[in-house]
Amino acid sequence: MSELHRKGVAELARSLAAREVSAVEAARHFLARATAHQALGAFVAVDADVTLAQARAADAKLAAGGAPALTGVPVAHKDIFVTTDFPTTAGSRILAGYRSPFDATVVRKLAEAGAVTLGKLSCDEFAMGSANENVAVPAVGFDAATPVRNPWDATRIPGGSSGGSAAAVAAGLAPAATGTDTGGSIRQPASFCGVTGIKPTYGRASRYGMVAFASSLDQAGPIARSAEDCALLLSAMCGPDLDRDSTSIDRPVEDFSRHLGESLDGLRIGVPKEFLGDGVAPGVRAAIDAALAEYEKLGAKRVAITLPRTELSIPVYYILAAAEASSNLSRFDGVKFGHRAKQYKDLADMYAKTREEGFGDEVKRRIMIGTYVLSHGYYDAYYLQAQKVRRMIADDFQQAFKDCDVIAGPAAPTVAWKLGEHGDDPVADYLADIFTLPGSLAGLPGMSLPVGFGEANMPVGLQLIGNYFGEAKLLNAAHRFQQATDWHQKMPEGF
């Protein structure tokens, strides 16, 4: 039992199915770890009674036989997914005290697969951030809002916006967690925390019940220890949800583990020259080069490619995402749900004061930028041009995939930086997303897997990007690497 948290999802599921450990024992173990390591600030909501009730129901299913693959496996959810049994705040004061009357589709699907919910995890407010420092909601055990800390070094950020998810998995507070990726918010924190995370093709996982940031970019995905674990979770999370989500793809549920273990002989790995330029830290570059050399030993072939509009992805993303955010967040007005200002003169004053009190600085910044680029006289100059360049970025990927099967490079140009290091400079955070943004704008599947350590002995993640609906191929490439190495099995000291 003392080593239960070192087991990944697949191994734990096998132990539960074999009745070597009960779902209640597993739930108690992880709840105890979450309490013992509250100082990380990863959890924003826990309810032991709810979790243990789900665990007891899972044990009953296991005893009866024929239980789903994830029955009894504890999972924690990013606080961007609405849940009936736990409050949902999206990391914002404006949703303080909100309790959803329904579960997000991703949450429901994992529950149907047998997963037990441990609680809700901290995230940047409305998923807007690259460091998990834009948090307005106190974590469990704290009286005031606090950023999540990286378990490898508590003075550093875990990445964002799914920082709570990545930190919880890295520290062994949960075997797996859900995350969302708008511009890299699964892949970048997975890289910074030394865990594995995947963002599927846009539309694979339903957005129903995911508090919206940028609707044409937001996508759910899992964070776990290994590619095998992510394959199991993604298989449960994905599938059409056409009645509830207009962006859901009408494509049957897949078993994303079906290719695990296949040979990598002849796999063409494209390495864009733009991903290994001067801005990449030497330690990150060394870890990526070593990982690519390992792939060549496994039979893959390295191919030089180019993604010429990589640098344009930053201005394009921060125009389009802000524009969509300004539209999506207009629903938070103090009328229907969430926070409402106590003193106001009229309806317009209530709107203004509610949003002033409820939204944080980064959210306000993006709303203002988005409203500006959508305004009369600027729509054509900014928003429309950004959409055109977005199409060109997607075309660049299709050109590259003529010469390769998957694309590889660093998930981020540096390792996790110090808390507060970027101060009041939001652009520094924006620039850290340069390698994850292009794939998000194109709607492609992408993942990060741990491949070593860089500066300050902090984790480095290799990003793999596949063509549309190529998740199974990506997961196999990651799985074969993890069979040959042990980076994904390493845990920070003291956890």
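Here the structure is shown first, and the text comes after it.
Residues numbered from 1 in each chain as written. Predicted model: local features only at pLDDT ≥ 70, side-chain atom pairs only at ≥ 80, totals over all residues. Heavy atoms only, no water.

Colleague: What exactly am I supposed to notice about the environment of P413 here?
Modeller: One can find P413 in the loop between strand 9 (406-410) and helix 13 (426-431). For P413 and E11, which are 402 residues apart along the polypeptide, the C-alpha to C-alpha distance reads 33 Å. Residues contacting P413, with those up to four places away along its chain left out, are G279, V280, A281, V284, A432, I434 and F435. (Helix = DSSP H or I, 4+ residues; strand = E, 2+ residues; numbered from the N terminus. Contact = heavy atoms within 4.5 Å.)

Colleague: What is the right way to look at unusual backbone geometry in this model?
Modeller: Negative phi values dominate among residues other than glycine, just as trans dominates among peptide bonds. Here the amide bond leading from G160 into S161 is cis, since omega sits at 5 degrees, within 30 degrees of zero. Examined against the element boundaries, S161 turns out to sit in the loop between strand 3 (116-121) and helix 5 (163-170). At R19, a position not held by glycine, the phi torsion is positive, near 65 degrees. With respect to the helices and strands, R19 occurs in the loop between helix 1 (9-17) and helix 2 (23-36). Located in the positive-phi region is F469, a residue other than glycine, with phi close to 65 degrees. Structurally, F469 is set in the loop between strand 11 (459-465) and helix 15 (471-484).

Colleague: Please explain the state of the cysteines as it appears in this structure.
Modeller: Joining two cysteines, a disulfide is a covalent bond between their sulfur atoms. Enumeration over the complete set of coordinates arrives at zero disulfides. C230 takes part in no disulfide bond, and the closest cysteine sulfur to it belongs to C238, at a distance of 11 Å. (Disulfide = S-S within 2.5 Å.)

Colleague: I tried to follow the pattern of salt bridges on my own but got confused; where do I start?
Modeller: Between side chains of opposite charge, a pair can form as their charged atoms come close. Under the definition given, this model contains 23 salt bridges. In this structure, the salt-bridge partner of R365 is E362, at a minimum N-O distance of 2.2 Å. Here E362 and R365 lie together in helix 11 (residues 361-374), a separation of three residues that amounts to about one turn. Judged by its relative accessible area of 31%, R365 falls in the partly exposed class. Looking at E362, the relative accessible area reads 8%, which means it is buried. Several salt bridges converge on common partners, so that one network encompasses R204, R251, E254, R258 and E471. (Salt bridge = Lys/Arg side-chain N within 4 Å of Asp/Glu carboxyl O. Buried < 20%, exposed > 50% of the residue type's maximum accessible area, 1.4 Å probe, protein only.)

Colleague: Can you help me understand the packing of helix 2 against helix 3 (residues 48-64) in this one?
Modeller: Geometrically, a packed helix pair is captured by the angle between its two axes and the distance between the axes. In contact at an axis separation of 8 Å, helix 2 and helix 3 are set at 155 degrees when each is read in the N-to-C sense. On the basis of the axis angle, helix 2 is roughly antiparallel to helix 3. For the crossing formed where helix 2 meets helix 3, the hand is right-handed. Residues A23, V24, A27, R28 and L31 of helix 2 form the contact with helix 3, whose own contacting residues are A48, T51, L52, A55, R56, A58 and D59. (Axes fitted to C-alpha atoms, helices over the stretch in contact; angles between N-to-C directions. Parallel < 35°, antiparallel > 145°, perpendicular 65-115°, else oblique. Left-handed = near helix turned anticlockwise from the far one by under 90°.)

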